[in-house]
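# Results of the structural survey
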Amino acid sequence: PMQLIVEGRIDSDGAAFYSAEVQLVYAVAENTGLKVGVEMNDWEDDINDWDEMNILDTTTKIYAGVEVTF
C-alpha cells in the first residue's frame, strides 16, 4: 500500500511562523518501505511526531530513503 502524509505547523516564536512537510511512503515488500518527501522550514520532531511544535530554522529538505524492519 501507499500512504501520503501531509502536515503543517505554526510556531509564533520560531525561526519561521509556519512549516509544512509532505511524505509519500510505499510498501515495496512486507518489511521494506520506500519514502520520499520534502520539508519546508525544519521543525524539531519528525513527521507524524507531535511532541514539540518548535520550528528550528528556514531550511528546506528534500529526502528519499529505504526503511527495512526486522
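Computed from a predicted model, the values in this text were never measured in an experiment. For every chain, the first residue of its written sequence is number 1, and the numbers climb from 1 along that sequence. Two thresholds apply to this predicted model, a pLDDT of at least 70 for residue-level local features and 80 or more for giving and counting side-chain atom pairs, whereas whole-chain, interface and lining totals are computed over all residues. Derived side-chain values reflect all non-hydrogen atoms in the structure, with water molecules and hydrogen atoms excluded from consideration.

### Details of the pattern of salt bridges
- Salt bridge, as used here: a side-chain nitrogen of Lys or Arg that lies within 4 Å of a carboxyl oxygen of Asp or Glu. Counted by the stated rule, this structure contains three salt bridges.
- Between Arg9 and Glu7 there is a salt bridge, with the nearest N and O atoms lying 3.2 Å from each other. For the pair Arg9 and Glu7, one class covers both residues: buried. Only protein chains enter the accessibility calculation, which uses a 1.4 Å probe; a residue is then buried when its area is under 20% of its type maximum, exposed when over 50%, and partly exposed in between.

### Quick notes on the sheet that holds strand S2 (residues 18–29)
- Across the sheet, which stays open at both edges, the four strands sit in the order S1-S2-S3-S4 with antiparallel pairing between neighbours. Bordering the open sheet on either side are strand S1 (2–10) and strand S4 (60–68), each of which pairs with just one other strand. Strand-to-strand twist in this sheet, taken as the mean axis angle between neighbours without regard to direction, amounts to 15°.
- Pairing analysis gives nine bridges linking S1 to S2, with the strands arranged antiparallel. Within S2, the residue paired with Gly8 across the bridge is Ala20. In this analysis, strands are considered paired if DSSP registers two or more bridges between them. To qualify as a helix, a DSSP run of H or I must reach at least 4 residues; to qualify as a strand, a run of E must reach at least 2; elements of each kind are numbered from the N terminus. Between N-to-C directions, angles cover 0 to 180 degrees, with each direction set by a line fitted to C-alpha atoms, over the stretch in contact for helices.

Keep in mind these values describe shape, not function.
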